[in-house]
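Now for the letters of each chain:
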Amino acid sequence: MKAYREAMGYSQQELAQLLNCHWRTVADWELKGTIPNFEKVVLLAKVFKISLKTLANDFGLDTVGIPDDSNSQPSNELTASKC
């Protein structure tokens, strides 16, 4: 994540302000490998202009079997009430 932040020209503090969190939280994501909550992950993907899958890979999560956005089809089988 640090590489994306630096490529966009943001300091930890600037990114934290965009995400409405403390700069130490951003530092924890980068240095300790903690994973942000989903809302923050979505915001990070938007800020960095990358897919959620790419960001998940950057956090070291296994994304094998998860389709790319371009291949995704909406499913009528899974609804919020089934979760």
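Residues numbered from 1 in each chain as written. Predicted model: local features only at pLDDT ≥ 70, side-chain atom pairs only at ≥ 80, totals over all residues. Heavy atoms only, no water.

Draft legend 1. Region of the structure containing the nonpolar core. Formed by 14 residues in total, the largest nonpolar core has its most connected members in Met1, Leu15, Trp29, Leu44, Phe48 and Leu55. Listed by contribution, the elements that provide at least two residues to this core are helix 2 (12-19), helix 3 (23-31) and helix 4 (38-48). Of all the elements, helix 4 adds the most residues to this core, at five residues. With near-sequence residues (within four places) excluded, Leu44 lies in contact with Met1, Leu15, Leu19, Trp29, Pro36, Leu55 and Phe59. (Core = buried A, V, L, I, M, F, W, Y, C linked by side-chain atoms within 4.5 Å. Buried < 20%, exposed > 50% of the residue type's maximum accessible area, 1.4 Å probe, protein only. Helix = DSSP H or I, 4+ residues; strand = E, 2+ residues; numbered from the N terminus. Contact = heavy atoms within 4.5 Å.)

Draft legend 2. Structural context of the side chain of Thr63. With respect to the helices and strands, the residue Thr63 is situated in the segment after helix 5 (52-58). The exposure class assigned to Thr63 is buried, which follows from its relative accessible area of 8%. Here Thr63 is in contact with Lys53, Ala56 and Asn57, once residues within four sequence places are set aside.

Draft legend 3. Spatial organisation of the packing of helix 2 against helix 4. One way to put it is that helix 2 packs onto helix 4 with a least axis distance of 10 Å and a crossing angle of 120°. On the basis of their axis angle, the class for helix 2 and helix 4 is oblique. Remark: the crossing between helix 2 and helix 4 carries right-handed chirality. Residues Leu15, Leu18 and Leu19 of helix 2 pack against Lys40, Leu43, Leu44, Val47 and Phe48 of helix 4. Residue classes in the contact of helix 2 with helix 4 are distributed as seven nonpolar, no polar and one charged. (Axes fitted to C-alpha atoms, helices over the stretch in contact; angles between N-to-C directions. Parallel < 35°, antiparallel > 145°, perpendicular 65-115°, else oblique. Left-handed = near helix turned anticlockwise from the far one by under 90°. Nonpolar A, V, L, I, M, F, W, Y, C, P; charged D, E, K, R; others polar.)

Draft legend 4. Broad picture of the pattern of salt bridges. Scanning the entire structure with this criterion turns up four salt bridges. Between Asp68 and Lys53 there is a salt bridge, with its nearest N and O atoms 3.1 Å apart. On the criterion of sequence distance, the pair formed by Asp68 in the segment after helix 5 and Lys53 in helix 5 is long-range, its members being 15 residues apart. (Salt bridge = Lys/Arg side-chain N within 4 Å of Asp/Glu carboxyl O.)

Draft legend 5. Up close: the environment of Val26. Among the structural elements, Val26 can be located in helix 3. Val26 sits 25 residues away from Met1 along the chain, and the two C-alpha atoms are 9.3 Å apart. Filtering out sequence-adjacent residues up to four positions away, Val26 remains in contact with Met1, Arg5, Gln12, Leu15, Ala16 and Cys21.

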